[in-house]
Amino acid sequence: MKVAVYPGTFDPVTLGHLDIVRRGAHLVDKLVVGVTTNPSKEPMFGVADRMTMVRREVKDIQGQIEVVEFDSLLMDFAEAQGATAILRGLRAVADFEYEFQMAGMNQQLNDRIETVFLMADVSLQPIASKLVKEIARYGGSIDKFVTPAVAEDVRRLLSKTDPLRKGPRALEL
Ligand code: ADP
């Protein structure tokens, strides 16, 4: 059985991520979406929420998909999951240097697991969780970048926690 791991922060999961999951699930018998706890990224959503969102959004995607939290070296996680490949999404040139470096170092850590890059649909290429959060914080619409349920989760979280949403946006001098 061919297993691949698609790791990420998914803070929050976007239409770009979901497109990669869809494409990846076609290629293997089982796709494990690895949601990292990685606190150094200072995620907006806790890992439990991120897992819940990813699980909910991949439910209708065809194929065997599991969503698993991980807090270890990616190659150790992949090995433990019985994976022979790591799946990463590649957007234009911006991701290349970082992904190239990471794939190279991971190859040295464990040469039995290949890193495979997939491209999302062209229309979904520019989507990045970081920008989705930034747009939402300033009250912009994120409806074109995430599912309706995720957009609602982001709005709910911001109205709870982000002073930018409650306070005045401008002094209107
Ligand atoms: P990380 O914190 O590891 O970068 P992300 O959650 O930001 O995790 O992304 C996980 C993976 O999905 C990465 O390989 C990233 O390049 C890819 N990805 C994110 N957004 C897109 C997109 N719009 N199109 C293609 N790949 C994407």
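As a convention, each chain's residues are numbered from 1 in the sequence order in which they are written. For a predicted model such as this one, the threshold for reporting local features is a pLDDT of at least 70, and the threshold for listing and counting side-chain atom pairs is 80 or more; totals across whole chains, interfaces and linings nevertheless cover every residue. Computation of side-chain values: all heavy atoms of the structure, hydrogens and water removed.

Draft legend 1. A look at the site of the ligand. Surrounding the ligand, one finds 19 residues, the nearest of these being Tyr6, Thr9, Lys41, Gly89 and Leu124. A 3.5 Å cut-off defines polar contacts: any pair of N or O atoms within that distance qualifies, except that in protein one atom must be a possible hydrogen donor and the other a possible acceptor, and neighbouring residues in sequence count only when both atoms are side-chain atoms. Phe10 has a polar backbone atom sitting 2.9 Å from an oxygen atom of the ligand. Residue Asp95 places a side-chain N or O atom 3.5 Å away from an oxygen atom belonging to the ligand. Here the accessible surface of atoms and residues is derived via Shrake-Rupley with a 1.4 Å probe, and residues count as covered only by protein chains that are part of the display. Against a free-state accessible area of 550 Å², the protein chains account for coverage of 91% of the ligand. Both site types are read off a 1 Å grid over the protein atoms alone. A 1.4 Å probe that fits but cannot get out defines a cavity, while an open set with protein on both sides within 12 Å along at least five of seven lines defines a pocket; lining residues have an atom within 4 Å of a point. A molecule is counted as occupying a cavity or pocket when more than half of its atoms fall within 2 Å of that pocket's grid points. When each cavity is represented as a set of grid points, the ligand is found to reside in the largest pocket. Strands here are runs of E lasting at least two residues and helices are runs of H or I lasting at least four, both read from the DSSP assignment and numbered beginning at the N terminus. Of all the elements in the fold, those that place two or more residues in the shell around the ligand are strand E1 (3–8), helix H1 (15–27) and strand E4 (85–89). Any residue with a heavy atom positioned within 4 Å of a molecule or strand is treated as near that molecule or strand.

Draft legend 2. Representation of empty space enclosed by the protein. Grid points are joined across faces, edges and corners, and a volume is the space filled by probe spheres set on the points. On inspection of all chains with the given rule, the structure shows one cavity of 30 Å³ or more. Surrounding the largest cavity, Leu74, Ile86, Arg88, Glu99, Met102, Ala103, Asn106 and Thr115 form its lining. Looking at the lining of the largest cavity element by element, the count peaks at four residues for helix H4 (residues 96–109). Polar here means any residue other than Ala, Val, Leu, Ile, Met, Phe, Trp, Tyr, Cys and Pro, which are nonpolar, and Asp, Glu, Lys and Arg, which are charged; Gly is therefore polar. Looking at side-chain class alone, the lining of the largest cavity contains four nonpolar, two polar and two charged residues.

Draft legend 3. Spotlight on the sheet that holds E1. With parallel pairing, five strands are arranged side by side in an open sheet as E3-E2-E1-E4-E5. Sheet topology places strand E3 (64–70) and strand E5 (114–118) at the edges, where each strand pairs with a single neighbour. Each strand of the sheet is rotated relative to its neighbour by a mean of 30°, with strand direction disregarded. By the bridge criterion, seven bridges tie strand E2 (residues 30–36) to E3 in an arrangement that is parallel. Looking across to E3, one finds that Leu31 is bridged to Ile65. Strand pairing is assigned whenever DSSP detects at least two bridges linking the two strands. Lines fitted to C-alpha atoms define the axes here, with helix axes fitted over just the stretch in contact, and angles between the N-to-C directions of these axes take values from 0 to 180 degrees.

Draft legend 4. Focus on unusual backbone geometry. With an omega of 0°, the peptide bond running from Asp11 to Pro12 counts as cis. Along the chain, Pro12 turns up in the loop between E1 and H1. A positive phi angle, near 50°, is found at Phe10, a position not held by glycine. Summarising the element assignment, Phe10 is placed in the loop between E1 and H1.

Draft legend 5. Inspection of the layout of surface pockets at higher detail. By volume, the largest pocket amounts to about 1,000 Å³. What lines the largest pocket is a set of 38 residues, and nearest its centre among them are Gly8, Thr9, Lys41, Arg88 and Tyr98. Secondary-structure elements contributing two or more residues to the lining of the largest pocket are E1, H1, helix H3 (74–80), E4, H4 and helix H5 (129–137). Taken together, the residues that form the lining of the largest pocket break down as 19 nonpolar, eleven polar and eight charged. Approximately 170 Å³ is the volume attributed to the second largest pocket. Around the second largest pocket, the lining residues are Phe45, Asp49, Thr52, Met53, Asp153, Arg156, Leu157 and Lys160.

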